[in-house]
Amino acid sequence: MKSRVAVLASLLALVFSTHSLVAQTIPKEELTFLTSEWKGERFPDGRPKIPDALVERAKKIGIDDAWTVLKNEGYTNQFEGGWKFIHDDVIVVGRAVTAMFMPSRPDVEKNIKERGTTKQGRKGNTNTWPIETLTKGDVYVADGFGKIGGGTLVGATLGNAIFSKTGNGVVFNGAARDLQELQNIKGFNAFVRDFHPSFLEEMVLMGLNTPIRMGGTMVLPGDLVIAQREGILFVPAHMAEQVIVTCEFVTRKDQFGFEMVKSNRYTTGQIDSQWTDEIKTEFLKWLGQHPELGAMTRPELDKVMSKRTW
């Protein structure tokens, strides 16, 4: 009996130790702990799963308004600028899958590759491993420690593989190659530090779906990525709905305000301060005449107006 218990304990220990080491990931419990403010659905590894409908709505909001909402809630380190990109008219919005690369070290890289290929069924170089985990709507976000020459984390082949899995683009604190071919992938965009003709070398994957640093920001797996010409905003998953709802309201409020001021119905001072019941009623009536802007109830309006972080 004791021998059976000992064998079972050994097997459980092996399962849990192997699970916690798969492809450089952190344990599900740790990821859940770090993202504990998120109360919604999660992927099997613990990554927050922002609903697809919210991600779609995020594609229509402005990064300036979204940044303001986060800043006023105390999230002051969520924006990173200074990127180069393939297209200036293709935004990248989705849930972050994170990867952390470091300069290669022979003994460490040997152990990582050996474990990945013999025990985890991994194939190829470690830079392809994050791509295996991608799903529709994901944004592959990688910290390549700003390496340009030899730091090309994506080229034509990997770019096509990434886009086929996600229908989305990438954000790399590193470089990309094969610019001519990448720009032919319709709907794909890459936000990188630079482009370079070299191949990837002397880099090894040290973290997959772990917290990473992107310039002056901390990015967690599952964060909502909003990449536009101005730069990239990393929205914590639990803040996504508040940011989107508020930004949508600001867009409606601005259009409503323009019309009211032009028609001399209200002054700019009245529009840009807390609204009276009369203005709220007028706004909801106006919104009903513009179904393309979406619907809003009086309680929802009161909630947004009461906090006013925009």
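Because the structure is a prediction, the values reported are computed rather than measured. (Residues numbered from 1 in each chain as written. Predicted model: local features only at pLDDT ≥ 70, side-chain atom pairs only at ≥ 80, totals over all residues. Heavy atoms only, no water.)

Moving on, we come to the environment of alanine 176. Mapped onto the fold, alanine 176 is located in strand β7 (residues 175–176). For alanine 176 and threonine 35, which are 141 residues apart along the polypeptide, the C-alpha to C-alpha distance reads 30 Å. Beyond its immediate sequence surroundings of up to four residues, alanine 176 is in contact with Thr152, Val154, Leu182, Val192, Asp194, Phe195 and His196. (Helix = DSSP H or I, 4+ residues; strand = E, 2+ residues; numbered from the N terminus. Contact = heavy atoms within 4.5 Å.)

Following the criterion strictly, the structure yields 19 salt bridges and no others. One salt bridge connects arginine 47 with aspartate 138, and the closest N-O pair in it is separated by 3.1 Å. Taken as a pair, arginine 47 in the loop between α2 (28–34) and α3 (52–58) and aspartate 138 in strand β4 (residues 138–143) lie far apart in primary sequence, 91 residues in all. Residue classification places aspartate 138 among the buried residues on the basis of a relative accessible area of 0%. (Salt bridge = Lys/Arg side-chain N within 4 Å of Asp/Glu carboxyl O. Buried < 20%, exposed > 50% of the residue type's maximum accessible area, 1.4 Å probe, protein only.)

One finds Phe101, Tyr140, Ala142, Ile162, Val170, Phe172 and Phe188 to be the most contacted residues of the largest nonpolar core, which totals 27 residues. If you list the elements that add at least two residues to this core, you get β3 (92–103), α6 (129–132), β4, β5 (152–154), α7 (156–166), β6 (170–173), β8 (190–192) and β10 (203–208). A total of four residues in this core trace back to one element, the largest contributor, which is β10. If we ignore the near neighbours within four places in the chain, the residues touching valine 170 are Val139, Tyr140, Ile162, Phe188, Asn189, Ala190 and Phe191. Val55, Ala66, Ala237 and Met239 belong to the second largest nonpolar core, which has 21 residues in total. (Core = buried A, V, L, I, M, F, W, Y, C linked by side-chain atoms within 4.5 Å.)

Take the packing of helix α4 (residues 63–72) against helix α9 (residues 240–262) next. Close contact between α4 and α9 brings their axes to 9 Å; oriented N to C, the two are set at 125°. Here α4 is positioned oblique relative to α9, judged by the angle of their axes. Viewed along their axes, α4 and α9 form a crossing whose handedness is right-handed. Touching Asp65, Ala66, Val69 and Leu70 of α4 are Gln242, Val243, Thr246, Cys247 and Val250, all from α9. In terms of residue class, the contact of α4 with α9 is made up of six nonpolar, two polar and one charged. (Axes fitted to C-alpha atoms, helices over the stretch in contact; angles between N-to-C directions. Parallel < 35°, antiparallel > 145°, perpendicular 65-115°, else oblique. Left-handed = near helix turned anticlockwise from the far one by under 90°. Nonpolar A, V, L, I, M, F, W, Y, C, P; charged D, E, K, R; others polar.)

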